[in-house]
Amino acid sequence: MLRGAVDGEYAATFASTLMRGLEKPTLAGYGHALRRLLSEADKHPEREIRWVLEHRLLTSARTDTSSGPCRKLLSAVRLLEKVGWLEQPLVRRGDWLVVEAMERHRARTAAAPQRQWASMAQFEKLAGMAETFGDWEVVALAAVSGGLLLRASEAATVRLDGGEALFQGAKSRRGRHHCEVGRWTLAWLEFLASWRAAHGHRPDQPASFRGVGGLHTALRSLLAKGGGECASLRWHSFRRWGAAQLHGLGTPPSAIHLYGGWATPKVAKIYTHPPSGWNFDRGSGMPFPSRDETRDLIRHV
């Protein structure tokens, strides 16, 4: 049995076996992993040791930051099998598949881009980078997305309707939505409608892009003009920025959850808590389309 191998012969005589060639830290790690497994078995005396091993692997897959503990445990048990200290083999191929799945997941997580929150300073830089009609359409929609906590697919449909914002919701808030808007968001919605009309386009439809894919492409084109200053931004950065701003202004979490249309309060909380390097700004530097400095930039287009 496993307990006899660990507490008896394994502990006393491993130096006289093929384990002699293993490094002491490796052997110590194996011993620690096996004792943890036995400790789990003591908590579940009615269960077979195979069940305990599976339970330990699945728990490790959910909670450990690397596959190391799982791999070490399986290697330790497999070693006991090789020297004949277990009556029946415990490790199965499926156990190693769990380890491989963990490693693939960790690799994908490490390769994924970090969540990015936009900032007020970056909004100002976006306005300064805008050169074309399409650039200003993107800037306006980015501002509106921050104000209304819009996803990219929602931003692609937003328009002004009787002093309110009208957009087609996505995911957990599907359907048409009318929303009251604040002064800043209203200013950019009014600018967006008049800007499109002034260039011969319908004020209630996108003019420089088609669909959500086109909006993402238009944003990347604008960011490419900034020399890397805002290169890490994605459309969701504006939604995160808006949620963090509301949190900084003291808006109740339940209200932010409903306003942003998240499925659960837990998801909404992720958006309201940016990393430590992000700075809350009450909006003193908000680029309004009617302000002189912004209006002067627009005139050049």
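Our subject is the structure listed above.
Report on the accompanying structure. (Residues numbered from 1 in each chain as written. Predicted model: local features only at pLDDT ≥ 70, side-chain atom pairs only at ≥ 80, totals over all residues. Heavy atoms only, no water.)

**A few points about the nonpolar core**
Across soluble globular proteins, you tend to see nonpolar side chains buried next to one another. Here is the rule we go by: We call a set of buried residues a nonpolar core when its members are Ala, Val, Leu, Ile, Met, Phe, Trp, Tyr or Cys and they connect through side-chain atoms within 4.5 Å of each other. Any residue under 20% of the maximum accessible area for its type is buried, any over 50% is exposed, and the rest in between are partly exposed; the area is computed with a 1.4 Å probe on protein chains only. Runs of H or I in DSSP of at least four residues are treated as helices and runs of E of at least two as strands, each being numbered from the N terminus. Contacts were defined at the residue level, with two residues in contact if any of their heavy atoms lie within 4.5 Å.
If you look at the biggest cluster of nonpolar residues, it comprises 46 residues, and the most contacted ones within it are Trp-136, Leu-148, Val-158, Trp-188, Leu-215, Trp-235 and Phe-238. Contributions of two or more residues to this core are made by helix H6 (120-129), helix H7 (133-148), helix H8 (152-155), strand S2 (164-169), helix H9 (183-198), helix H10 (211-223) and helix H11 (235-248). With 10 residues, the top contributor of residues to this core is H7. The residues touching Leu-148, leaving out its near neighbours within four places in the chain, are Val-158, Ala-165, Arg-173, Cys-179, Glu-180, Val-181, Thr-185 and Tyr-259.

**Notes on the pattern of salt bridges**
As a reminder of what qualifies: The term salt bridge refers to a side-chain nitrogen of Lys or Arg lying within 4 Å of a carboxyl oxygen of Asp or Glu.
This structure, assessed with the given rule, holds 14 salt bridges. The closest approach of N and O atoms between Glu-54 and Arg-92, which form a salt bridge, is 4.0 Å. One end of the pair, Glu-54, is in helix H3 (residues 49-63); the other, Arg-92, is in the loop between helix H4 (68-82) and helix H5 (93-111), with 38 residues separating them in the sequence. Glu-54 sits in the partly exposed class, given a relative accessible area of 30%. Glu-81 is paired through a salt bridge with Arg-78; the nearest N and O atoms lie 2.9 Å apart. Of the two residues, Glu-81 and Arg-78 both sit in helix H4, 3 residues apart, roughly one turn of that helix. Since its relative accessible area comes to 13%, Glu-81 is described here as buried.

**A word on the pairing of S2**
Definition in use: Two strands are said to pair when DSSP picks up at least two bridges between them.
With 3 bridges joining them, strand S1 (residues 159-161) and S2 adopt antiparallel strand pairing. Its bridge partner lying in S2, Asp-161 is registered against Glu-164. Between S1 and S2, which pair antiparallel one after the other, the connecting turn spans 2 residues, and Gly-162 there sits at a positive phi close to 60 degrees. Both S2 and strand S3 (residues 175-179) contribute to a ladder of 5 bridges, which runs antiparallel. Across the sheet, Ala-165 pairs through a bridge with Cys-179, a residue of S3. Linking S2 back to S3 in an antiparallel pair, the connection comprises 5 residues, with Lys-171 at a positive phi of about 55 degrees.

**What to know about the sheet that holds S3**
Rules: Orientation is described by lines fitted to C-alpha atoms, with helices fitted over the stretch in contact, and by angles between N-to-C directions that extend from 0 to 180 degrees.
With respect to topology, 3 strands assemble into an open sheet ordered S1-S2-S3, the strand pairing being antiparallel. The sheet is open, and its two borders are formed by S1 and S3, each paired with just one other strand. Adjacent strand axes in the sheet meet at a mean angle of 35 degrees, parallel and antiparallel pairs treated alike.

**Looking at the side chain of Glu-137**
Note that Glu-137 resides in helix H7. Taking relative accessible area as the criterion, Glu-137 reaches 0% and is therefore assigned buried. Once you skip the residues sitting within four places of it in the chain, Glu-137 turns out to touch Leu-192, Trp-195, Arg-196, Gln-205, Pro-206, Ala-207, Ser-208 and Phe-209.

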